[in-house]
Amino acid sequence: SAIDSLVADVQSGVPRVVLKGATGTGKTFVLANLIARTNRPTLIVAPNKVLAAQLYTELRSFFPTNAVTIFFSHFDFYRPESYAPVSQNYVEKASQTNPKIDALRHEAT
């Protein structure tokens, strides 16, 4: 099974493992079992805030007595500065923060 394979990889010292699958295939369940069976602190990286919040909620239900925290950027929008030498066009950095998200971010640190 996927869980047994991932547990074996982690326990044998593989530094990073990847679990890929379509929506609704049980990736979070597999991840929770991997964490429980290896009993190690775990960092989970999510590509967006919606998925991060979903993972946080589900993992809190899998581990109600463990520390499960969420940390993500407090920016609602962020565009770094850029420069295009061909057109000599400079675009300044722009950003917008969300105070509610910033409060949650500080709670996790």
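Residues numbered from 1 in each chain as written. Predicted model: local features only at pLDDT ≥ 70, side-chain atom pairs only at ≥ 80, totals over all residues. Heavy atoms only, no water.

Enquirer: I keep staring at the overall build of the protein and nothing clicks. Help me out?
Expert: Along the backbone of the protein there are four helices and four strands. Along the protein, helices (α) and strands (β) appear in the sequence α-α-α-β-β-β-β-α when read from the amino end. The C-alpha atoms of the protein give 19 Å as radius of gyration, which overshoots the globular expectation for 109 residues (13 Å, by more than 25%). Taken over the C-alpha atoms alone, the protein extends approximately 55 × 35 × 25 Å along its principal axes. Here the protein holds 109 residues, and 20% of them are scored as buried. Nonlocal contacts in the protein, meaning residues at least 24 apart in sequence, comprise 47% of its contacts between residues at least 6 apart. On the protein, roughly 8,300 Å² of surface is accessible, and the fraction owed to carbon and sulfur atoms is 56%. Taken as two groups, the 11 positive and 8 negative side-chain charges of the protein have centres that lie 3 Å from each other. (Helix = DSSP H or I, 4+ residues; strand = E, 2+ residues; numbered from the N terminus. Rg over C-alpha atoms; globule rule 2.2 N^0.38 Å. Buried < 20%, exposed > 50% of the residue type's maximum accessible area, 1.4 Å probe, protein only. Contact = heavy atoms within 4.5 Å. Areas by Shrake-Rupley, 256 points an atom, 1.4 Å probe, with all protein chains shown as cover. Lys, Arg positive; Asp, Glu negative; His and termini not counted. Charge placed at Lys NZ, Arg CZ, Asp CG, Glu CD.)

Enquirer: Is there a simple way to think about the pattern of salt bridges in this case?
Expert: In this structure the tally under the stated criterion is one salt bridge. With a closest N to O distance of 2.9 Å, Asp4 and Arg37 form a salt bridge. Of this pair, Asp4 sits in helix H1 (residues 2–11) while Arg37 sits in helix H2 (residues 27–38), placing them 33 residues apart in sequence. On the basis of relative accessible area, Asp4 is assigned to the partly exposed category, the value being 39%. Taking relative accessible area as the criterion, Arg37 reaches 43% and is therefore assigned partly exposed. (Salt bridge = Lys/Arg side-chain N within 4 Å of Asp/Glu carboxyl O.)

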